[in-house]
Amino acid sequence: MSPWLQAYLTPSGEAVRFAIKATLAMLLALYVALWCDLERPYWALISAAFLQIRPMSGMVIEKGLSQLTGTLVGCGAGVAIMALFAQAPVPALASLTLWIMLCTYGSSLLRNNASYGCIMGGVTAMLIVVIGASQPDAIFAVAVARLSELALGAASATLVSALLWPIRVRDHLAGLADQVVNAAFRHAGKRLSDSDDLGALQASLTGSLGPLTQLETDSQAARYEGPEGPGRIRASHVLTRRTLRLLATLHALQQLLHHAGDHLAPATRRLADDLARELCDAAAATGIPQARRRLQALRQRALDGPDTEVTPLEHRVRLGLRETLGHALVMLDAREAITHPGRKRLRGAALAWHRDHLAAGLNALRAGGVFLSLAAFWLATGWTNGQVAMLMGTLGSAFFASRDDPAAVSLMFAKGMLAAIPSALLFGHVLLAQASGFPMLAMLLLPPLFLGLLGAASPRLMGYCLAFTIGNILLTMPGNGMDFSLDGFLDRAIAVMIGLGAVVAGFRLIPGVGPRLHKRRLVAAIVRDLRALPAAPVSEAETRFIGGMADRLLQLARHDDLLPEDRRHLFSLGLTGLDIGYACLQLRRRLDDLPAAGLSRSRQAFFAALANAFADSARGRPPREVRRSGAALVAALDDRQALTARHRAMIAGLVERLDLALRLQAERARTAQSPPAAAASSAPT
């Protein structure tokens, strides 16, 4: 069925409840704004609509606080600009352009609701400066009015969200955690069974990483839902860390099982096969206790060593299987702690995130260019509704910049706004001109708002339907002194479309970081983090490395989806970098406290060789210094008898495994980057 038919003919109960809640929040905000005789009540409606996009109670509070903070800072910036340049419009607009660029830059680097607060800081300052240009003696009153209207919308959205069909962040986090654990366990089952289905491996990987990054970001809103919120946040951090550790361990294990599986004892192969099966069954199990029982049954088998002396390879595989089981059991504990924080006391620090300053700078440059072009047009023409065009240009260029395909999303938004023009003309002007009193006003505004919000509950239609809802509000501009003239309505409609047209043109002319450059920057960021691992304390280095890798792995996997199946190598490249990072962290935990200056130099040289070899493997070049520097590290350990013979043998095996992993990754990259004909002619027969 078409998503449009599905959204409007067979809507889900959740979609209907969302539309009812959002509509009631907007009507409540409108009623109070009219009763208080605020200057522009429609801003309270727009504020309530944006806050209800994700209607979980904690998120509404967090987003409302971010919106109010951004609005307050934007008011301060707008008042400061007008205090300096009240009689000089060109310097005022130039300063405002720099402020909008700064806010867009910040929103591109920050996450979720903090990003939204930056956008509101830029939009609020723009409104104060543009509106204040015609009434410079009332700047402070304009700032107070904007803050009051947006605060009213936030309060209305928070009240309705808490009282009517409340949705809790804890339930949202529990659903995300289920997706993370189940997808990671399915991925583990495929890895341990040595599956060569690259598409299924990548699908299970992205199926875990996507909700994982969202879980880490959204968990911060749990602090607004009672004293158990911090416990849920810590559990989310633990689940994030352990999932990435599991993925790194699985990547290394599959390489060992694939290339050296014939040399393993039958008992070890059976243990790997049984663990693969039990992880897949645990992903399908109902309830955490049942999944935990399945894995704990294998725990003793993994801990019991064979009766005879084993080779270093055998020991490394069994150790990897134990680590896999340990990570999986901690993930189940973290999943349970998200729902019941009192049952498990877990510790976990917040993660650092990958930030691309070049992409943020391009977003800021684009937003500044869009606003400056619309502001120049406004100054040249003296157009009354030029402020509406500048509003849409500022909001769109900042809001859509972080989307995967911002030009397509902004065009989708423009189509939704275009569809709102006849709706706003009919309901907001022709019919509303004949009505009197708030009940009739609400009845006439209700149909387009409810229909738009009902469709916005579907992720595939949100761009169109949210634009349709906002368009009806902006084109109608409900208030105590409404203008029902046709020329005023058409003037606003033209301003809206010109503003969005400038946004679409901006994304076409300044498209941002392309896929090739983006991939190179992701690889360079991983190399930079690998080189920085020896410098910071282990816990701090791990926090920074894991947080960045979660984002980068997901982005590399998305880039891989755009390539032909026989040329996909980026998600394995990201996993290789994750594997190397964890190997370096494990070595640091073993070697950092050993008192030997020569050992420290050998360790630093080995880490640098791994980072350089990873960069080479991304270009299809085999590692050159890993074996030599690794042998020097093992020799330094032998000379000083710093570790037991078993531990030194394990480190020697780790060096050999990492060298093999980098050689395999270089071969994949070389095959993927070579022309298809050359790759076919060089393929082994």
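Everything quoted here is computed from the prediction, not taken from an experiment.

> Quick rundown of the overall build of the chain? Include the residues and the values.
A count of helices and strands for the chain gives 26 helices and 0 strands. Taking 2.2 N^0.38 as the reference for a compact globule, 685 residues should give roughly 26 Å; the C-alpha atoms of the chain span a radius of gyration of 29 Å, in line with that estimate. Overall, the chain is about 90 × 55 × 50 Å in size when its C-alpha atoms are taken along their principal axes. Looking at the chain as a whole, 55% of its 685 residues are labelled buried. Taking all contacts inside the chain whose residues are at least 6 apart in sequence as the whole, residues at least 24 apart take part in 80%. Here the chain displays about 28,600 Å² of accessible surface, and carbon together with sulfur accounts for 60% of that area. Positive and negative side-chain charges in the chain, numbering 69 and 51 respectively, have mean positions lying 2 Å apart.

> Any chance you could break down the environment of Gly326 for me, citing the residues and the numbers?
Along the chain, Gly326 falls in helix H13 (residues 312-339). The buried category is assigned to Gly326, whose relative accessible area is 19%. In sequence terms Gly326 and Gln296 are 30 residues apart; their C-alpha atoms lie 9.6 Å from each other.

> Describe the packing of helix H8 (residues 169-192) against helix H11 (residues 266-284), naming the residues involved and giving the relevant values.
The N-to-C vectors of H8 and H11 enclose an angle of 155°; their axes lie 8 Å apart at closest approach. Comparing their axes, H11 and H8 come out roughly antiparallel. Two packed elements cross with a definite hand, and for H8 against H11 that hand is left-handed. In this structure, H8 contributes Asn182, Phe185, Arg186, Ala188, Gly189 and Leu192 to the contact, and H11 contributes Ala272, Asp273, Leu275, Ala276, Leu279, Cys280, Ala282 and Ala283. Residues of the contact of H8 with H11, tallied by class, amount to 10 nonpolar, 2 polar and 2 charged.

> Which residues make up a nonpolar patch on the surface, and what values go with them?
Together, Leu425, Leu426, Val430, Leu431, Leu486 and Leu490 line one region of the surface with nonpolar side chains, adding up to about 480 Å² of accessible area. When contributions to the nonpolar patch are tallied by element, the ones reaching two or more residues are helix H16 (406-431) and helix H19 (486-509). The element contributing the most residues to the nonpolar patch is H16, with 4 residues. Considering the arrangement of structural elements, one finds Leu426 in helix H16.

> How would you explain the packing of aromatic side chains if you had to name every residue and give the values?
If you walk through the whole model with that rule in mind, you get 9 aromatic pairs. Between Tyr42 and Trp43, the aromatic rings sit 6.3 Å apart at their centres with planes inclined by 35°, giving tilted as the arrangement. By relative accessible area, Trp43 is classed as buried at 8%. Three or more aromatic residues link up through ring pairs in this structure, and these residues are Phe50, Tyr116, Phe399, Phe400 and Phe413. Positioned above the aromatic ring of Tyr116 is the side chain of Lys63, whose terminal nitrogen or guanidinium carbon lies 4.7 Å from the ring centre. Sitting over the ring of Phe399, Arg403 keeps its end group 5.0 Å from the ring centre.

> For the nonpolar core, give the residues involved together with the corresponding values.
Counting residues in hydrophobic clusters, the biggest one holds 101 residues, and the most contacted among them are Phe185, Leu192, Leu239, Leu244, Leu578, Phe606 and Phe614. If we ignore the near neighbours within four places in the chain, the residues touching Phe185 are Leu279, Cys280, Ala282, Ala283, Leu295, Ala328, Met331 and Leu332. Within the second largest apolar cluster, 93 residues are counted, among which are Ala48, Ala125, Ala154 and Ile470.

> Give a description of unusual backbone geometry that names residues and reports values.
Look at Trp165: it is not a glycine, yet its phi comes out positive at around 45°. Assignment of secondary structure puts Trp165 in the loop between helix H7 (139-163) and H8.

> Tell me about H16, and name the residues and values.
Under the 1.5 Å per step criterion, the end-to-end length of H16 is 36 Å for 26 residues, consistent within 8% with the ideal 38 Å. A bend of about 35° at Ser423 is the largest found in H16.

> Give me the lowdown on the environment of Leu34, citing residues and values where you can.
The residue Leu34 is located in helix H2 (residues 13-35) in this model. With relative accessibility at 14%, the residue Leu34 sits in the buried group. In the structure, Leu34 is positioned 444 residues away from Pro478 in sequence and 9.0 Å away in space, judged by C-alpha atoms. Excluding residues within four positions of it along the chain, Leu34 makes contact with Pro41, Phe438, Leu441, Gly479 and Asn480.

> Before we move on, can you summarise the packing of H2 against helix H3 (residues 42-51) with the specific residues and values?
The contact between H2 and H3 brings their axes to 8 Å, and the two run at 155°. Put simply, H2 runs roughly antiparallel to H3. As H2 packs across H3, the resulting crossing turns out to be right-handed. Residues Ala25, Met26, Ala29, Leu30 and Ala33 of H2 form the contact with H3, whose participating residues are Ala44, Leu45, Ala48 and Ala49. Grouping the constituent residues of the contact of H2 with H3 by class yields 9 nonpolar, no polar and no charged.

> Outline the pattern of salt bridges, supporting the account with residue identities and numerical values.
Overall, the coordinates contain 18 salt bridges when judged by the stated rule. Linking Glu149 and Arg146 is a salt bridge whose minimum nitrogen-to-oxygen distance equals 2.8 Å. Of this pair, Glu149 and Arg146 both sit in helix H7, 3 residues apart, roughly one helical turn. Across this residue pair, the class does not change: Glu149 and Arg146 are buried. The residue Arg621 makes a salt bridge to Asp616 at a minimum N-O spacing of 3.8 Å.

> Explain the side chain of Ser602 to me, and be specific about the residues and the numbers.
Take Ser602: it is sitting in helix H23 (residues 597-618). Not counting residues up to four positions away in its chain, the partners in contact with Ser602 are Ala632, Leu633 and Ala636.

> Give a description of helix H10 (residues 229-260) that names residues and reports values.
The terminal C-alpha atoms of H10 lie 46 Å apart, and with 32 residues this matches the ideal 46 Å at 1.5 Å per residue to within 8%. Across the 32 residues that make up H10, a large majority, 27, are buried.

> Before we move on, can you summarise the state of the cysteines with the specific residues and values?
As enumerated under the stated definition, the model contains 0 disulfides in all. Sulfur of Cys103: no disulfide; nearest cysteine sulfur belongs to Cys118 and is 6.3 Å away.

> Tell me about the side chain of Ser47, residues and numbers included.
Looking at the secondary structure, you find Ser47 in helix H3. Looking at Ser47, the relative accessible area reads 1%, which means it is buried.

> Summarise the confidence of the model for the chain; cite the residues concerned and give the values.
Confidence in the prediction of the chain, expressed as mean pLDDT, is 84, and 93% of residues score 70 or more. Scored below 50 in pLDDT, residues 677-685 makes 2 contacts in the model with residues more than four places away or belonging to other chains.

Cut-offs applied
Residues numbered from 1 in each chain as written. Predicted model: local features only at pLDDT ≥ 70, side-chain atom pairs only at ≥ 80, totals over all residues. Heavy atoms only, no water. Helix = DSSP H or I, 4+ residues; strand = E, 2+ residues; numbered from the N terminus. Rg over C-alpha atoms; globule rule 2.2 N^0.38 Å. Buried < 20%, exposed > 50% of the residue type's maximum accessible area, 1.4 Å probe, protein only. Contact = heavy atoms within 4.5 Å. Areas by Shrake-Rupley, 256 points an atom, 1.4 Å probe, with all protein chains shown as cover. Lys, Arg positive; Asp, Glu negative; His and termini not counted. Charge placed at Lys NZ, Arg CZ, Asp CG, Glu CD. Axes fitted to C-alpha atoms, helices over the stretch in contact; angles between N-to-C directions. Parallel < 35°, antiparallel > 145°, perpendicular 65-115°, else oblique. Left-handed = near helix turned anticlockwise from the far one by under 90°. Nonpolar A, V, L, I, M, F, W, Y, C, P; charged D, E, K, R; others polar. Patch = residues over 30% accessible without salt bridge, like charges linked within 9 Å, V, L, I, M, F, W, Y side chains within 5 Å. Salt bridge = Lys/Arg side-chain N within 4 Å of Asp/Glu carboxyl O. Phe/Tyr/Trp six-rings, centres within 6.5 Å; stacked < 30°, edge-to-face > 60°. Lys NZ or Arg CZ within 6 Å of the ring centre and 35° of its normal. Core = buried A, V, L, I, M, F, W, Y, C linked by side-chain atoms within 4.5 Å. Expected span 1.5 Å × (residues − 1). Bend = angle between axes of the 7 residues up to and from the residue. Disulfide = S-S within 2.5 Å. pLDDT = per-residue confidence, 0-100.

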